[in-house]
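Residue strings, one per chain:
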Amino acid sequence: TLAKNWTDEFYATSIKKLRKNYQTIPHILNVVEALIMAKIAFCVASNATHPKMQATLSTTGPLLFFEGKIYSGYDIPRGKTAPDLFLHTTREFNTDPTNRVVIEDSAAGLEAAHAVGITSFAYDPLPGMPLFSAIPFKCMKSLPKLLNL
């Protein structure tokens, strides 16, 4: 039988492995810098837990740029594929969903963005992954140009 706290142990072990093995997405800091220079607000909106996001962002460097701007599907009743997480962030930033852009690496996130009319870009989509009208791209280095920054 499983221990009562098996999920806590599982997540602790997973996060330890993430901190050890996670690699930053090449050129992501260039994208963050371009957004800052253009004075465009940005955040992380993920179905991951806060501890997982803290681990990946702190391991790879960009955490300090996202302090106070990290949103989890665990914070709301329904995560992605539902649009609730993106609607939550638009309320937090006091913007209309149609004035937002989503950079996504999952079909669930692309579906959620599409449901509320948010323009989305699919980062390195898997073959056959539904794009829900997202613009696919392979390298973060190309993103600032795609965003007209």
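Residues numbered from 1 in each chain as written. Predicted model: local features only at pLDDT ≥ 70, side-chain atom pairs only at ≥ 80, totals over all residues. Heavy atoms only, no water.

Q: A description of the packing of aromatic side chains should follow, citing residues and the corresponding values.
A: Under the defined criterion, the tally for this structure stands at 3 aromatic pairs. Aromatic side chains Y71 and F93 sit 6.4 Å apart centroid to centroid with 65° between the ring planes, which places their arrangement in the edge-to-face category. Here the residue Y71 occupies a position in strand β2 (residues 70-72), and F93 occupies one in the loop between α5 (84-92) and β3 (101-104), the gap between them amounting to 22 residues. Taken together, a centroid distance of 5.5 Å and an interplanar angle of 50° make the contact between Y123 and F137 tilted. On the criterion of sequence distance, the pair formed by Y123 in strand β4 (residues 119-123) and F137 in strand β5 (residues 135-137) is long-range, its members being 14 residues apart. By relative accessible area, which is 5% here, F137 ends up buried. Sitting over the ring of F42, K69 keeps its end group 4.1 Å from the ring centre. R100 extends its terminal NZ or CZ atom over the ring of F93, reaching a point 5.0 Å from the ring centre. (Phe/Tyr/Trp six-rings, centres within 6.5 Å; stacked < 30°, edge-to-face > 60°. Helix = DSSP H or I, 4+ residues; strand = E, 2+ residues; numbered from the N terminus. Buried < 20%, exposed > 50% of the residue type's maximum accessible area, 1.4 Å probe, protein only. Lys NZ or Arg CZ within 6 Å of the ring centre and 35° of its normal.)

Q: Lay out the sheet that holds β5 in plain terms, naming residues and giving numbers.
A: If you trace the 3 strands from one edge of the open sheet to the other, you get β3-β4-β5, paired in parallel fashion. Lying at the two open borders of the sheet, with one neighbouring strand each, are β3 and β5. Here the average twist between neighbouring strands, direction ignored, is 25°. Both β4 and β5 contribute to a ladder of 3 bridges, which runs parallel. Residue F121 lies in a different strand from β5, and its bridge partner there is I135. Helix α6 (residues 107-115) rests against β3 and β4 of the sheet, and its axis sits at about 170° to β4. (Pairing = 2+ DSSP bridges. Axes fitted to C-alpha atoms, helices over the stretch in contact; angles between N-to-C directions. Contact = heavy atoms within 4.5 Å.)

Q: Explain the nonpolar core to me, using residue names and the numbers behind them.
A: Among the nonpolar cores identified, the biggest contains 17 residues, and L57, F66, I70, F137, M140 and L143 are the most heavily contacted of them. Residue assignment for this core shows that the elements contributing at least two residues are α2 (28-37), α3 (50-60), α4 (63-66) and β4. Broken down by element, the residue count for this core peaks at 4 residues, all from α2. Residue contacts for F137: discarding those within four places in its chain leaves I103, F121, A122, Y123, D124, P125, S142, L143 and L146. Counting residues in each nonpolar core, the second largest holds 9 residues, with I76, L85, V102 and I118 among its members. (Core = buried A, V, L, I, M, F, W, Y, C linked by side-chain atoms within 4.5 Å.)

Q: Which residues make up the pairing of β3, and what values do they have?
A: Across the two faces of β3 the burial differs, with V102 and E104 buried and V101 and I103 not buried at all. Judged from the 4 bridges that link them, β3 and β4 form a sheet pairing that is parallel. Residue pairing in the sheet places I103 in a bridge with F121 of β4. Between the parallel elements β3 and β4, the chain passes through α6 in a crossover that is right-handed. (Right-handed = clockwise from strand over helix to strand, strands pointing away.)

Q: So what's going on with the environment of L149? Which residues, and what values?
A: Relative to the assigned elements, L149 resides in the segment after α7 (143-146). The class of L149 is partly exposed, set by a relative accessible area of 39%. Through-space distance from the C-alpha of L149 to that of V31 is 9.3 Å; in sequence the pair is 118 residues apart. If we skip the residues at most four places from it in the chain, L149 touches A34, L35, A38, I40 and P144.

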